[in-house]
Amino acid sequence: MTGTTATLLISCPDQIGLVAKIANFIYANGGNIIHADQHTDFSAGLFLMRIEWQLEGFNLPRGMIEPAFAAIAKPLQASWSLHFSDTVPRLAIWVTKQDHCLLDLLWRQHGGEIRAEIPLIISNHPELHSVANQFGIEFHHIPITAETKIEQEARQLELLREYRIDLVILAKYMQVLTPDFINFFPNIINIHHSFLPAFAGANPYQRAYDRGVKIIGATAHYITADLDQGPIIEQDVVRVSHRDTVGDLIRQGKDLERVVLARAVRLHLQNRVLVYANRTVVFA
(Lines give C-alpha, C1' and ligand atoms only; values in the text may rest on other atoms or scores of the structure.)
Protein backbone atom coordinates (compact mmCIF):
# COMPACT_ATOMS: atom_id res chain seq x y z
CA MET A 1 0.00 0.00 0.00
CA THR A 2 1.40 3.36 -1.03
CA GLY A 3 -1.08 5.64 0.77
CA THR A 4 -1.99 8.99 -0.74
CA THR A 5 0.22 10.13 -3.59
CA ALA A 6 0.84 13.28 -5.61
CA THR A 7 1.39 13.24 -9.36
CA LEU A 8 2.94 15.86 -11.62
CA LEU A 9 2.32 15.89 -15.38
CA ILE A 10 4.90 18.10 -17.06
CA SER A 11 5.78 19.21 -20.57
CA CYS A 12 8.52 21.69 -21.46
CA PRO A 13 11.20 22.41 -24.04
CA ASP A 14 13.80 19.64 -23.97
CA GLN A 15 17.03 20.55 -22.18
CA ILE A 16 19.78 18.97 -20.13
CA GLY A 17 19.12 18.01 -16.50
CA LEU A 18 15.33 18.00 -16.48
CA VAL A 19 14.89 14.60 -14.81
CA ALA A 20 17.41 15.54 -12.11
CA LYS A 21 15.80 18.92 -11.42
CA ILE A 22 12.29 17.51 -11.11
CA ALA A 23 13.30 14.46 -9.08
CA ASN A 24 15.46 16.59 -6.80
CA PHE A 25 12.44 18.78 -5.96
CA ILE A 26 10.77 15.69 -4.51
CA TYR A 27 13.92 14.28 -2.91
CA ALA A 28 14.88 17.59 -1.30
CA ASN A 29 11.47 17.72 0.39
CA GLY A 30 11.62 14.19 1.74
CA GLY A 31 9.42 12.53 -0.88
CA ASN A 32 9.58 8.90 -1.99
CA ILE A 33 9.09 8.53 -5.77
CA ILE A 34 7.07 5.43 -6.66
CA HIS A 35 6.52 5.96 -10.40
CA ALA A 36 8.43 8.02 -12.95
CA ASP A 37 8.17 7.95 -16.72
CA GLN A 38 9.27 10.35 -19.41
CA HIS A 39 9.32 10.78 -23.17
CA THR A 40 11.14 13.15 -25.48
CA ASP A 41 9.46 14.16 -28.73
CA PHE A 42 12.53 15.16 -30.70
CA SER A 43 10.52 16.46 -33.66
CA ALA A 44 8.74 18.94 -31.39
CA GLY A 45 11.71 19.51 -29.08
CA LEU A 46 9.54 18.64 -26.08
CA PHE A 47 10.19 16.73 -22.88
CA LEU A 48 7.15 15.11 -21.26
CA MET A 49 7.03 13.47 -17.85
CA ARG A 50 4.77 11.84 -15.28
CA ILE A 51 6.16 11.51 -11.77
CA GLU A 52 4.30 10.23 -8.70
CA TRP A 53 5.39 10.19 -5.08
CA GLN A 54 4.08 9.37 -1.61
CA LEU A 55 2.75 12.24 0.47
CA GLU A 56 3.51 10.46 3.73
CA GLY A 57 6.74 11.98 5.00
CA PHE A 58 6.76 14.73 2.40
CA ASN A 59 7.84 17.96 4.05
CA LEU A 60 5.62 20.37 2.10
CA PRO A 61 1.93 20.60 3.00
CA ARG A 62 -0.42 20.12 0.04
CA GLY A 63 -1.19 23.79 -0.32
CA MET A 64 2.51 24.63 -0.67
CA ILE A 65 3.45 22.05 -3.32
CA GLU A 66 2.02 24.00 -6.25
CA PRO A 67 3.69 27.36 -5.51
CA ALA A 68 6.95 25.63 -4.60
CA PHE A 69 7.09 23.70 -7.86
CA ALA A 70 6.01 26.76 -9.84
CA ALA A 71 9.32 28.39 -8.90
CA ILE A 72 11.13 25.47 -10.57
CA ALA A 73 8.78 25.18 -13.55
CA LYS A 74 8.87 28.83 -14.60
CA PRO A 75 12.51 28.97 -15.77
CA LEU A 76 11.97 25.62 -17.55
CA GLN A 77 9.03 27.17 -19.50
CA ALA A 78 7.00 24.19 -18.35
CA SER A 79 3.29 23.49 -18.61
CA TRP A 80 2.25 21.26 -15.74
CA SER A 81 -0.55 20.03 -13.52
CA LEU A 82 -0.64 18.58 -10.01
CA HIS A 83 -3.01 15.80 -8.89
CA PHE A 84 -3.68 13.94 -5.63
CA SER A 85 -4.73 10.29 -5.55
CA ASP A 86 -7.38 10.75 -2.85
CA THR A 87 -9.29 13.27 -4.97
CA VAL A 88 -12.42 11.55 -6.29
CA PRO A 89 -13.49 13.07 -9.65
CA ARG A 90 -17.15 13.62 -10.48
CA LEU A 91 -18.30 12.38 -13.88
CA ALA A 92 -21.33 13.08 -16.05
CA ILE A 93 -22.24 10.49 -18.67
CA TRP A 94 -24.08 11.68 -21.78
CA VAL A 95 -26.06 9.21 -23.88
CA THR A 96 -28.67 9.04 -26.63
CA LYS A 97 -30.42 5.66 -26.97
CA GLN A 98 -27.67 3.02 -26.95
CA ASP A 99 -26.93 1.67 -23.48
CA HIS A 100 -23.93 -0.64 -23.88
CA CYS A 101 -21.21 1.89 -22.99
CA LEU A 102 -23.32 3.48 -20.26
CA LEU A 103 -24.02 0.16 -18.54
CA ASP A 104 -20.40 -0.92 -18.83
CA LEU A 105 -19.14 2.26 -17.17
CA LEU A 106 -21.74 2.08 -14.40
CA TRP A 107 -20.94 -1.54 -13.58
CA ARG A 108 -17.20 -0.82 -13.59
CA GLN A 109 -17.73 2.13 -11.27
CA HIS A 110 -20.01 0.05 -9.06
CA GLY A 111 -17.35 -2.68 -8.90
CA GLY A 112 -14.54 -0.27 -8.03
CA GLU A 113 -12.69 -0.48 -11.36
CA ILE A 114 -13.38 3.20 -12.06
CA ARG A 115 -12.70 5.36 -9.02
CA ALA A 116 -15.09 8.26 -9.44
CA GLU A 117 -18.52 9.53 -8.52
CA ILE A 118 -21.21 9.54 -11.23
CA PRO A 119 -24.00 11.83 -10.00
CA LEU A 120 -25.43 12.82 -13.39
CA ILE A 121 -26.63 11.32 -16.68
CA ILE A 122 -27.79 13.61 -19.49
CA SER A 123 -29.57 12.41 -22.62
CA ASN A 124 -31.28 13.96 -25.62
CA HIS A 125 -33.81 11.08 -25.48
CA PRO A 126 -35.77 9.63 -22.52
CA GLU A 127 -35.19 5.91 -23.18
CA LEU A 128 -32.36 5.35 -20.67
CA HIS A 129 -34.05 6.98 -17.69
CA SER A 130 -34.71 3.52 -16.22
CA VAL A 131 -30.98 2.74 -16.22
CA ALA A 132 -30.28 5.90 -14.22
CA ASN A 133 -33.04 4.94 -11.76
CA GLN A 134 -31.54 1.46 -11.38
CA PHE A 135 -28.24 2.96 -10.24
CA GLY A 136 -29.73 5.85 -8.25
CA ILE A 137 -28.32 8.54 -10.56
CA GLU A 138 -30.02 11.81 -11.51
CA PHE A 139 -31.22 11.76 -15.13
CA HIS A 140 -31.92 14.86 -17.18
CA HIS A 141 -33.68 14.61 -20.54
CA ILE A 142 -32.58 17.56 -22.67
CA PRO A 143 -33.87 17.24 -26.25
CA ILE A 144 -31.81 18.98 -28.90
CA THR A 145 -32.93 20.53 -32.19
CA ALA A 146 -31.13 22.90 -34.50
CA GLU A 147 -33.34 25.72 -33.20
CA THR A 148 -32.82 24.95 -29.49
CA LYS A 149 -29.17 23.80 -29.48
CA ILE A 150 -27.62 26.96 -28.01
CA GLU A 151 -30.30 27.26 -25.33
CA GLN A 152 -30.06 23.58 -24.38
CA GLU A 153 -26.27 23.64 -24.23
CA ALA A 154 -26.53 26.53 -21.78
CA ARG A 155 -28.79 24.34 -19.65
CA GLN A 156 -26.29 21.49 -19.88
CA LEU A 157 -23.47 23.76 -18.73
CA GLU A 158 -25.61 24.89 -15.82
CA LEU A 159 -26.11 21.26 -14.76
CA LEU A 160 -22.36 20.59 -14.98
CA ARG A 161 -21.77 23.49 -12.61
CA GLU A 162 -24.61 22.46 -10.30
CA TYR A 163 -23.30 18.89 -9.97
CA ARG A 164 -19.63 20.03 -9.82
CA ILE A 165 -18.66 17.83 -12.75
CA ASP A 166 -14.96 17.36 -13.56
CA LEU A 167 -15.26 15.18 -16.68
CA VAL A 168 -17.97 14.52 -19.27
CA ILE A 169 -18.06 11.14 -21.01
CA LEU A 170 -19.93 10.93 -24.29
CA ALA A 171 -21.05 7.28 -24.13
CA LYS A 172 -22.69 7.14 -27.56
CA TYR A 173 -24.11 10.66 -27.33
CA MET A 174 -25.10 11.26 -30.93
CA GLN A 175 -24.92 15.04 -30.98
CA VAL A 176 -22.15 17.38 -32.11
CA LEU A 177 -21.13 19.89 -29.44
CA THR A 178 -20.63 23.50 -30.46
CA PRO A 179 -17.18 25.13 -30.22
CA ASP A 180 -18.57 27.55 -27.61
CA PHE A 181 -19.62 24.68 -25.36
CA ILE A 182 -16.21 23.00 -25.71
CA ASN A 183 -14.51 26.29 -24.93
CA PHE A 184 -16.49 26.58 -21.67
CA PHE A 185 -16.03 22.90 -20.73
CA PRO A 186 -13.11 21.20 -22.54
CA ASN A 187 -12.81 18.08 -20.33
CA ILE A 188 -14.76 15.67 -22.52
CA ILE A 189 -13.99 12.11 -23.66
CA ASN A 190 -15.82 10.60 -26.64
CA ILE A 191 -16.03 7.03 -27.93
CA HIS A 192 -16.03 6.81 -31.70
CA HIS A 193 -17.17 3.67 -33.46
CA SER A 194 -14.25 3.29 -35.85
CA PHE A 195 -10.48 3.23 -35.85
CA LEU A 196 -9.87 6.92 -36.48
CA PRO A 197 -8.88 8.55 -38.76
CA ALA A 198 -10.62 5.93 -40.93
CA PHE A 199 -14.40 6.32 -41.36
CA ALA A 200 -14.85 9.49 -39.35
CA GLY A 201 -18.39 10.81 -39.07
CA ALA A 202 -21.60 8.81 -39.34
CA ASN A 203 -22.37 5.21 -40.40
CA PRO A 204 -18.79 3.85 -40.19
CA TYR A 205 -19.84 0.19 -40.02
CA GLN A 206 -21.86 0.41 -43.23
CA ARG A 207 -18.99 2.21 -44.94
CA ALA A 208 -16.50 -0.34 -43.56
CA TYR A 209 -18.68 -3.16 -44.88
CA ASP A 210 -18.96 -1.48 -48.26
CA ARG A 211 -15.17 -1.25 -48.45
CA GLY A 212 -14.71 -4.89 -47.43
CA VAL A 213 -12.35 -4.05 -44.56
CA LYS A 214 -10.55 -6.82 -42.68
CA ILE A 215 -10.39 -5.03 -39.33
CA ILE A 216 -12.79 -2.73 -37.49
CA GLY A 217 -11.93 -0.64 -34.48
CA ALA A 218 -12.96 1.86 -31.84
CA THR A 219 -11.31 5.09 -30.72
CA ALA A 220 -11.59 7.05 -27.48
CA HIS A 221 -10.46 10.64 -27.79
CA TYR A 222 -10.78 14.06 -26.23
CA ILE A 223 -13.33 16.34 -27.87
CA THR A 224 -12.19 19.40 -29.80
CA ALA A 225 -13.99 21.84 -32.05
CA ASP A 226 -12.90 19.77 -35.07
CA LEU A 227 -15.26 16.78 -35.38
CA ASP A 228 -13.58 13.45 -34.57
CA GLN A 229 -10.14 15.10 -34.70
CA GLY A 230 -9.32 15.35 -30.98
CA PRO A 231 -6.26 13.85 -29.26
CA ILE A 232 -6.55 10.05 -29.18
CA ILE A 233 -6.32 8.32 -25.79
CA GLU A 234 -7.01 4.65 -26.63
CA GLN A 235 -7.81 2.43 -29.62
CA ASP A 236 -8.32 -1.23 -30.39
CA VAL A 237 -9.27 -3.42 -33.35
CA VAL A 238 -10.75 -6.84 -34.14
CA ARG A 239 -10.44 -8.86 -37.33
CA VAL A 240 -13.50 -9.39 -39.49
CA SER A 241 -14.11 -11.25 -42.74
CA HIS A 242 -16.25 -11.32 -45.86
CA ARG A 243 -18.70 -13.57 -43.97
CA ASP A 244 -19.57 -10.79 -41.50
CA THR A 245 -22.71 -8.75 -42.10
CA VAL A 246 -23.15 -5.12 -41.11
CA GLY A 247 -24.98 -6.43 -38.01
CA ASP A 248 -21.97 -8.61 -37.14
CA LEU A 249 -19.68 -5.60 -37.44
CA ILE A 250 -21.95 -3.53 -35.18
CA ARG A 251 -22.08 -6.29 -32.55
CA GLN A 252 -18.30 -6.71 -32.50
CA GLY A 253 -17.84 -2.95 -32.61
CA LYS A 254 -19.97 -2.51 -29.49
CA ASP A 255 -17.71 -4.91 -27.61
CA LEU A 256 -14.70 -2.85 -28.65
CA GLU A 257 -16.39 0.43 -27.74
CA ARG A 258 -17.05 -0.75 -24.17
CA VAL A 259 -13.47 -1.80 -23.55
CA VAL A 260 -11.77 1.11 -25.30
CA LEU A 261 -13.89 3.73 -23.53
CA ALA A 262 -13.35 2.12 -20.13
CA ARG A 263 -9.58 2.04 -20.67
CA ALA A 264 -9.52 5.68 -21.74
CA VAL A 265 -11.57 6.83 -18.75
CA ARG A 266 -9.38 4.86 -16.36
CA LEU A 267 -6.19 6.29 -17.87
CA HIS A 268 -7.56 9.82 -17.60
CA LEU A 269 -8.66 9.37 -13.99
CA GLN A 270 -5.25 7.96 -13.07
CA ASN A 271 -3.62 11.08 -14.56
CA ARG A 272 -1.69 9.07 -17.13
CA VAL A 273 -2.56 11.14 -20.21
CA LEU A 274 -0.60 14.21 -21.25
CA VAL A 275 -1.96 16.20 -24.20
CA TYR A 276 0.21 18.31 -26.48
CA ALA A 277 -0.12 19.54 -30.09
CA ASN A 278 -3.38 17.56 -30.56
CA ARG A 279 -1.55 14.39 -29.59
CA THR A 280 -1.22 12.41 -26.37
CA VAL A 281 1.48 10.66 -24.44
CA VAL A 282 -0.10 7.89 -22.38
CA PHE A 283 2.06 6.81 -19.44
CA ALA A 284 0.41 3.41 -18.99
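For clarity, every value in this text was computed on a predicted model and none was experimentally measured.

Trainee: Just checking my understanding: could you explain the overall build of the chain for this structure?
Mentor: Each helix and strand in the chain was counted, giving eight helices and 13 strands. Taken against the 2.2 N^0.38 rule, which gives 19 Å for 284 residues, the C-alpha radius of gyration of the chain at 21 Å falls within 12% of a compact globule. Projected onto the principal axes, the alpha-carbon positions of the chain cover approximately 60 × 40 × 40 Å. Taking the intrachain contacts of the chain between residues at least 6 apart in sequence as the baseline, contacts between residues at least 24 apart amount to 66%.

Trainee: In this structure, what is going on with the UniProt feature "domain: ACT" (unreviewed entry) in the chain? I would like to understand it.
Mentor: Mapped onto the present numbering, the UniProt feature "domain: ACT" (unreviewed entry) falls at residues 7–94. What you have in residues 7–94 is 30% helix and 42% strand, and the ends, taken at the C-alpha atoms, are 28 Å apart.

Trainee: Even after reading the chapter, I still don't get the pattern of salt bridges, so can you show me in this structure?
Mentor: When their charged atoms lie close together, side chains carrying opposite charge are able to pair. Taken as a whole and assessed by the stated rule, the structure comprises twelve salt bridges. Salt-bridge contacts for Glu-52 lead to Arg-50; the nearest nitrogen and oxygen are separated by 3.2 Å. We classify Glu-52 as buried; its relative accessible area is 10%. Where Asp-248 meets Arg-251, a salt bridge forms, and the shortest distance between an N and an O atom there is 4.0 Å. Of the two residues, Asp-248 and Arg-251 are both situated in helix α8 (residues 246–269); the distance of three residues between them amounts to about one turn of the helix. Its relative accessible area of 22% is what places Asp-248 among the partly exposed residues. Sharing partners across several salt bridges, the network here consists of Asp-104, Arg-108, Glu-113 and Arg-266.

Trainee: Can you help me understand helix α2 (residues 62–76) in this one?
Mentor: Since the α-helix turns once every 3.6 residues, residues separated by three or four places project in the same direction. Between its first and last C-alpha, α2 extends 22 Å over 15 residues, near the 21 Å set by a 1.5 Å rise per residue. A bend of about 30° at Ala-70 is the largest found in α2. As for α2, its buried residues are in contact with β1 (5–13), α1 (18–28), β3 (46–54) and β4 (79–84). Immediately beyond the C-terminal end of α2, within one or two residues, lies Gln-77, with a positive phi of roughly 55°.

Trainee: Mind showing me how you'd approach the domain arrangement of the chain here?
Mentor: Often, the extent of an interface is quoted as the loss of accessible area on bringing the components together. Domains assigned within the chain are domain 1 (3–82) and domain 2 (88–280). A straight line from the C-alpha centre of domain 1 to that of domain 2 covers 31 Å. Here domain 1 and domain 2 share an interface that buries about 660 Å² over both sides, 60% of which is from carbon and sulfur atoms. Three residues stand out in domain 1 for area buried against domain 2, namely Leu-9, Leu-48 and Arg-50, and they jointly supply 58% of the buried area on that side.

Trainee: Is there a simple way to think about unusual backbone geometry in this case?
Mentor: Excluding glycine, a negative phi dihedral is what most residues carry, and trans is how most peptide bonds are arranged. With phi around 55°, Asn-271 is a residue other than glycine that occupies positive phi space. Locating Asn-271 in the fold gives a position in the loop between α8 and β12 (273–276). Of note, the phi angle at Ala-277 is positive, near 50°, even though the residue is not glycine. Checked against the element boundaries, Ala-277 lands in the loop between β12 and β13 (279–282).

Trainee: Where do I start with the UniProt feature "active site" (unreviewed entry) in the chain in this structure?
Mentor: Mapped onto the present numbering, the UniProt feature "active site" (unreviewed entry) falls on Asp-228. Relative to the helices and strands, Asp-228 resides in the loop between β10 (215–222) and β11 (232–239). Within the structure, Asp-228 has its side chain in polar contact with the side chain of His-192 (distance 3.2 Å).

What counts and how
Residues numbered from 1 in each chain as written. Predicted model: local features only at pLDDT ≥ 70, side-chain atom pairs only at ≥ 80, totals over all residues. Heavy atoms only, no water. Helix = DSSP H or I, 4+ residues; strand = E, 2+ residues; numbered from the N terminus. Rg over C-alpha atoms; globule rule 2.2 N^0.38 Å. Contact = heavy atoms within 4.5 Å. UniProt positions renumbered as here; feature names shortened; annotations may be inferred. Salt bridge = Lys/Arg side-chain N within 4 Å of Asp/Glu carboxyl O. Buried < 20%, exposed > 50% of the residue type's maximum accessible area, 1.4 Å probe, protein only. Expected span 1.5 Å × (residues − 1). Bend = angle between axes of the 7 residues up to and from the residue. Domains from an automatic or database assignment. Buried area = accessible area lost by both parts, 1.4 Å probe. Polar contact = N/O pair within 3.5 Å; in protein donor to acceptor, adjacent residues only side chain to side chain.

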